[in-house]
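Single-letter residue listing:
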Amino acid sequence: MRKLSTQFMRDLIDSDGVLQPILTRVKKDSTLMLAIRENYINIYYRGGNILKIKEHNKGCYEASFDKQYNKSGVLIPDTPTEISSQKDSKSWVDSLPIRKNIMDEYFSTYGKAEREFQQLIARENNNSTISNESEYFVSDIEVTEAYARFDIMAIRWLAAQRKNGSNCKAALIEMKYGDGALEGSAGLLKHLKDMEKLISNKDSYAKLLETMENQFNQLDELGMLKFNKGTSNAKVKLNAEETPEVIFILANHNPRSTKLGTILSDPEIDLFAQSKLFDLKFFVASFAGYGLHAKCMLPLVEFRKLL
C-alpha cells in the first residue's frame, strides 16, 4: 500500500520534523515533485528520481540518489545516507542544484520526454495557478500494478461537486509522446488489454483505489495540492462500483500521419470503447496546456472526428 506512516508525515510537516527542510524546498521549487510510495517518497526532477527517502526506523531515514545519472563522473556532494536531523536534510537540500546539473547532462543524451511531461501534468493540475480550476488531481506517476503499468493515476473531482468528497472517480491515464509510441508492446491496444485485466480483478482494483485515496489525502495534508476544498476537507472516497475512466493523452501527434487513425479504426478499439468496465476517453487540450477538465475528455467516436 502506497502510504506514509504517521511518524513519516509528522517528520515532513512539523516545524521540528527531521524532513521538514526537504518538504519546504519541494513546495518552493516547481521543478520538483513529491510522490508517495510504501513507506518512502520519491522526489522527481524532470521525471527522474533525484532523491529517494525511505523510512528506516522511528525518526531515521535512508536517503539516496540514483548514481546512474552521473555518466560524466561529476563529484557528487558528500551527503549523509542516513537522515536523523534537520541538519542532514538541509545538506541534501543544499546539494540539489548540483544533482540537477548532473541530471540535466544525463537527459541531454538520454532524453525522457514522456516522463517530463507526466511531471508537468501533475504540476499543472495539482499545484499551479490554474490547479483550482482543474477537475483531475494526480495522485501518482509511473504506476506499476500486477496486471498493468501506466503513467498517471488521477482522481476526477468535478468543480460543481466539491462539497462532497465521495463525488469522485478514478482516472487511469496513459501518455504517449509522439506517434512512435502508439504501437507495439507498449501501444494503445496493449494498454487497453492490460487495463481490462486490472479493473476486472476486484481485489487488485479495490487496493488501487485505496492507494489513490491515501495518496491524495496525504498529498493534501502535506500542502502539495492547491484547490478550494469547500466543506469536504478534501477527504476523498472512491467507490469500486463507480466506472473509472481510462484516458489517453497523446502528446505531439503529427497531424499529417495516418498512423493514429489506422490504430483507432481497429475493431478491437471499438470493443473497448463499449466496455462496461471503464469509460474510454481521449484528452483534447483547452486551446493549449495540460489543465484536465471533464469537457476535454472525448469518447472514441468524437475523437475520431478530429483526425
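Reading the values: the criteria
- Residue positions are given per chain, counted from 1 along the sequence in the order it is written.
- Predicted model: local features are reported for residues with pLDDT of at least 70 only, side-chain atom pairs are reported and counted for 80 or more only, and whole-chain, interface and lining totals are derived from all residues.
- Excluded from the side-chain calculation are hydrogens and water; included are all heavy atoms of the structure.
- Secondary structure is summarised from DSSP: a helix means a run of H or I of at least four residues, a strand means a run of E of at least two, and numbering begins at the N terminus for each.
- The atom set for the radius of gyration is the C-alpha atoms, and the globule formula is 2.2 Å times the number of residues raised to the power 0.38.
- For the exposure calls, accessible area comes from a 1.4 Å probe over protein chains only, and a residue counts as buried if that area is under 20% of its type's maximum, exposed if over 50%, partly exposed in between.
- Note on contacts: a residue pair is in contact if any heavy atoms of the two residues lie within 4.5 Å.
- Stacked, edge-to-face and tilted are the three classes for Phe, Tyr and Trp ring pairs, Trp counted by its six-membered ring, which pair at centre distances within 6.5 Å; planes under 30 degrees apart are stacked, over 60 edge-to-face, the rest tilted.
- Think of it as a cone above the ring: NZ of Lys or CZ of Arg counts as a charge over the ring if it is within 6 Å of the ring centre and within 35 degrees of the ring normal.
- By definition, a salt bridge exists where a carboxyl oxygen of Asp or Glu is found within 4 Å of a side-chain nitrogen of Lys or Arg.
- DSSP-based pairing: two strands are paired if at least 2 bridges between them are found.
- As a rule, the C-alpha atoms of each element are fitted with a line to give its axis, helices using only the stretch in contact, and angles between N-to-C directions run from 0 to 180 degrees.

K.L.:
Any chance you could explain the overall build of the chain here in plain terms?
P.N.:
In terms of regular secondary structure, the chain is built from nine helices and eleven strands. In terms of overall dimensions, the chain is globule-like: its C-alpha atoms have a radius of gyration of 20 Å, near the 19 Å expected for 307 residues. If one aligns the C-alpha atoms of the chain with their principal axes, the spans along those axes are about 60 × 50 × 35 Å. Within the chain, the fraction of its 307 residues that count as buried is 50%. For the chain, the proportion of contacts with a sequence separation of at least 24, taken over those separated by at least 6, is 64%.

K.L.:
So what exactly am I meant to see when it comes to the packing of aromatic side chains here?
P.N.:
Any two aromatic rings considered together are summarised by their centre-to-centre distance and by the angle between their planes. By the definition in use, this model includes 17 aromatic pairs. With centroids separated by 6.5 Å and ring planes inclined at 20 degrees, the aromatic side chains of Phe 283 and Tyr 290 adopt a geometry described as stacked. The exposure class of Phe 283 is buried, given its relative accessible area of 9%. Residue classification places Tyr 290 among the buried positions, given a relative accessible area of 16%. Three or more aromatic residues joined by ring pairs make a cluster, and in this case those are Phe 65, Tyr 69, Tyr 106, Phe 107 and Tyr 110. Across the ring face of Tyr 110, the terminal group of Lys 71 is positioned such that the distance to the ring centre comes to 5.8 Å. Between Arg 99 and the ring centre of Phe 65, over which it is positioned, the NZ or CZ distance is 5.1 Å.

K.L.:
Hey, could you run me through the pattern of salt bridges in this one?
P.N.:
Once the charged atoms of two side chains with opposite charge are near each other, the side chains can pair. For the coordinates displayed, the defined rule picks out 18 salt bridges. The residue Glu 145 makes a salt bridge to Arg 2 at a minimum N-O spacing of 2.2 Å. Pair noted here: Glu 145 is in the loop between strand S6 (136-144) and strand S7 (149-157) and Arg 2 is in the segment before helix H1 (6-13), with a separation of 143 residues, a long-range link. In this structure, Glu 145 and Arg 2 share a single accessibility class: buried. In this structure, Glu 213 engages Lys 237 in a salt bridge whose closest nitrogen and oxygen atoms are separated by 3.7 Å. Residue Glu 213 is located in helix H6 (residues 202-221), and its partner Lys 237 is located in the loop between H6 and strand S9 (245-251); the two are separated by 24 residues in the primary sequence. Its relative accessible area of 49% is what places Lys 237 among the partly exposed residues. Within this structure, Arg 2, Arg 37, Asp 140 and Glu 145 form a network of salt bridges that share partners.

K.L.:
Before we go on, may I ask you to explain the pairing of strand S1 (residues 32-36) in this structure?
P.N.:
Residues in a regular strand point their side chains to alternate faces of the sheet. Counting buried residues along S1, five of its five residues qualify, which places the element largely inside the surrounding structure. Taking every second residue as pointing to the same face, both faces of S1 are buried, with Leu 32, Leu 34 and Ile 36 on one and Met 33 and Ala 35 on the other. The pairing of S1 with strand S2 (residues 40-45) spans five bridges and is classified as antiparallel. Across the sheet, Met 33 pairs through a bridge with Tyr 44, a residue of S2.

K.L.:
Could you clarify how one ought to interpret the sheet that holds strand S3 (residues 48-57) in this entry?
P.N.:
Remark on secondary structure: sheet strands pair via backbone hydrogen bonds, oriented parallel or antiparallel. Taken in spatial order, the five strands make up an open sheet running S1-S2-S3-S4-S5, and their pairing is antiparallel. The strands lining the two open edges of the sheet, one partner per strand, are S1 and strand S5 (82-83). Its contacts with the sheet place helix H3 (residues 86-109) against S1, S2, S3, strand S4 (60-64) and S5, and it is angled at close to 145 degrees to S3.

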